[in-house]
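Now for the letters of each chain:
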Amino acid sequence: MKKFMNAVDTVLTESLDGFVAAHADILVLGEDHKFVRRRTLRPGKVALISGGGSGHEPLHGGFVGHGMLDAACPGQVFTSPTPDQMLAAAQAVDTGAGCLFIVKNYEGDVMNFDMAAEMSEGVLQVVTNDDVAVENSSYTTGRRGVAGTLVVEKIVGAAAEHGLALPVLKTLGERVNAATRSMGVALTSGTVPAAGKPTFEIGDGEMEFGVGIHGEPGRRRDRLKGADAIAEEICTAILGDLGDKATGPALLFVNGFGGTPLMELYLMYNSARRIFEKRGVTVTRSLVGTYVTSLDMAGCSITLTMLDDEMTGWWDAPVHTAALRWGM
């Protein structure tokens with residue numbers, strides 16, 4: 001294993017120190033590294049809080065800032081943050097309008113965010129479960145929450161910035177989640193620093209189809225195919241799951257898992273866009289890049305969100321975070 005680090009047990013804290021120092025104009029680090037929050041809070045605005053295991057950067061800390069999250073709680077690598085982290089974050093960023101937790105559907109995340117919500121007042125939750133690859137996995141009961149979480153955080157974050165109330169934001173988040181589907185494919189495994197070796201073994205001529213963002217198994221192990229064939233299978237699964245909703249304007253988001261060059265991600269975007277548009281989807285908004293990762297895994301996911309005018313407006317609204325910036 002070759003990684004830039006001083007010691008396994010300080011990787012996360014040293015990374016957080018560097019992350020917040022690099023973006024000190026917009027971010028503040030919470031006590032004991034429990035959370036990252038916006039430097040400037042808006043009184044009377046609903047606070048959005050998310051989090052999860054580290055190793056998925058820039059998710060979630062990279063989406064803290066104007067137009068998205070107010071705070072993010074980082075757990076250890078691929079490990080849920082603890083309830084006291086969420087409680088501390090909520091206390092730090094709640095300015096009187098309550099908090100909305102945005103939670104990926106992984107058992108540890110759901111359990112710990114639930115516990116924090118039960119110990120708080122004025123907290124509602126949205127659980128994301130956009131992955132169509134498998135119905136249950138080693139980490140979840142029900143579908144996994146993956147790259148579509150970014151879409152929920154951006155759209156709901158813009159609405160919160162505009163002053164919408166907590167129950168309205170919860171309903172909007174659930175609507176965006178219901179309109180969003182994702183699936184990924186891995187070409188190599190990621191390597192967890194504490195383990196010192198790849199999470200799973202995969203041959204040079206193989207791919208893991210439907211892989212999870214922790215490297216958990218997908219639909220099947222298959223021989224490596226061309227980009228068009230991979231995109232065809234993923235897009236077909238997404239469209240089949242959306243059913244009658246798969247028509248009209250949409251956001252197409254192609255996400256890298258940490259070890260895939262942009263050249264390849266744009267190639268996959270090109271393949272996916274052609275497939276979707278041949279089948280009645282009009283891609284009106286796009287995002288391509290490395291946003292929801294699995295450490296250094298080579299691979300990508302494709303996310304499709306069916307848009308209406310309101311969701312499109314919130315997607316276009318200004319955002320200023322470490323990882324997403326436009327309109328300001």
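Everything below is about the structure shown above.
Residue indices follow the written sequence of each chain, beginning from 1 at its first position. In view of the model being predicted, local features appear only for residues whose pLDDT reaches at least 70, and side-chain atom pairs are presented and counted only at 80 or more, with totals across whole chains, interfaces and linings using the full set of residues. The basis for every side-chain value is the complete set of non-hydrogen atoms in the structure, without hydrogens or water.

> Can you break down the state of the cysteines residue by residue, with the values?
Our working definition of a disulfide is a cysteine sulfur pair at a distance within 2.5 Å. Summed over all chains, the structure comprises zero disulfides. Left without a disulfide partner, Cys 73 is nearest to the cysteine sulfur of Cys 99, which lies 10 Å away. Here Cys 300 stays free of any disulfide, with the sulfur of Cys 235 as its closest cysteine sulfur at 9.8 Å. Among the residues examined, Cys 300 registers a relative accessible area of 5% and is labelled buried. We call a residue buried when its accessible area falls under 20% of the maximum for its residue type, exposed when it is over 50%, and partly exposed in between, using a 1.4 Å probe and counting protein chains only.

> So what's going on with the side chain of Asp 70? Which residues, and what values?
To qualify as a helix, a DSSP run of H or I must reach at least 4 residues; to qualify as a strand, a run of E must reach at least 2; elements of each kind are numbered from the N terminus. Mapped onto the elements, Asp 70 comes out in the loop between strand 4 (65–66) and strand 5 (71–77). For Asp 70, a relative accessible area of 2% corresponds to the buried category. Only heavy atoms matter for contacts: two residues are in contact if any of them lie within 4.5 Å across the pair. In contact with Asp 70, not counting residues within four places along its chain, are Val 36, Arg 37, Arg 38, Leu 41, Lys 45, Val 46, Ala 47, Leu 48, Val 64 and Val 93.

> Lay out the packing of helix 4 (residues 148–161) against helix 5 (residues 166–178) with the relevant residues and their values.
Look at helix 4 against helix 5: their axes get within 9 Å of each other, and the N-to-C directions meet at 150 degrees. It follows that helix 4 is roughly antiparallel to helix 5 by the angle criterion. Relative to helix 5, helix 4 is oriented so that their crossing is right-handed. The segment helix 4 lies against helix 5, with Val 151, Val 152, Ile 155, Val 156, Ala 159 and Ala 160 engaging Leu 169, Leu 172, Gly 173, Val 176 and Asn 177. Fitting a line to C-alpha atoms yields each axis, with helices limited to the stretch in contact; the angle taken between N-to-C directions then spans 0 to 180 degrees. Working definition: roughly parallel below 35 degrees, roughly antiparallel above 145 degrees, roughly perpendicular at 65 to 115 degrees, and oblique for all remaining angles. The sense of a crossing depends on the near helix, which, turned anticlockwise from the far helix by less than a right angle, makes the crossing left-handed and, turned clockwise, makes it right-handed.

> Give me the lowdown on the packing of helix 5 against helix 8 (residues 309–316), citing residues and values where you can.
Relative orientation of the contacting elements helix 5 and helix 8 amounts to 100 degrees, with a least axis distance of 12 Å. Considering the angle they form, helix 5 stands roughly perpendicular to helix 8. Contact with helix 5, carried on its side by Leu 172, Arg 175 and Val 176, involves Glu 310, Met 311 and Trp 314 of helix 8 and no other residues of that element. Gly counts as polar in this scheme, as do all residues outside two lists: the nonpolar Ala, Val, Leu, Ile, Met, Phe, Trp, Tyr, Cys and Pro, and the charged Asp, Glu, Lys and Arg. Looking at side-chain class alone, the contact of helix 5 with helix 8 contains four nonpolar, no polar and two charged residues.

> With reference to specific residues and values, describe unusual backbone geometry.
Of note, the amide linkage connecting Glu 57 to Pro 58 takes the cis form, showing an omega dihedral of 15 degrees. With respect to the helices, strands and loops of the structure, Pro 58 is situated in the loop between strand 3 (47–54) and strand 4. Put simply, Leu 59 and His 60 share a cis peptide bond, and its omega is 0 degrees. Summarising the element assignment, His 60 is placed in the loop between strand 3 and strand 4. We note that Asp 32 has phi near 60 degrees; this positive angle belongs to a residue other than glycine. By secondary structure assignment, the location of Asp 32 is in the loop between strand 1 (27–29) and strand 2 (36–38). Residue class for Asp 32 comes out exposed when judged on its relative accessible area of 58%.

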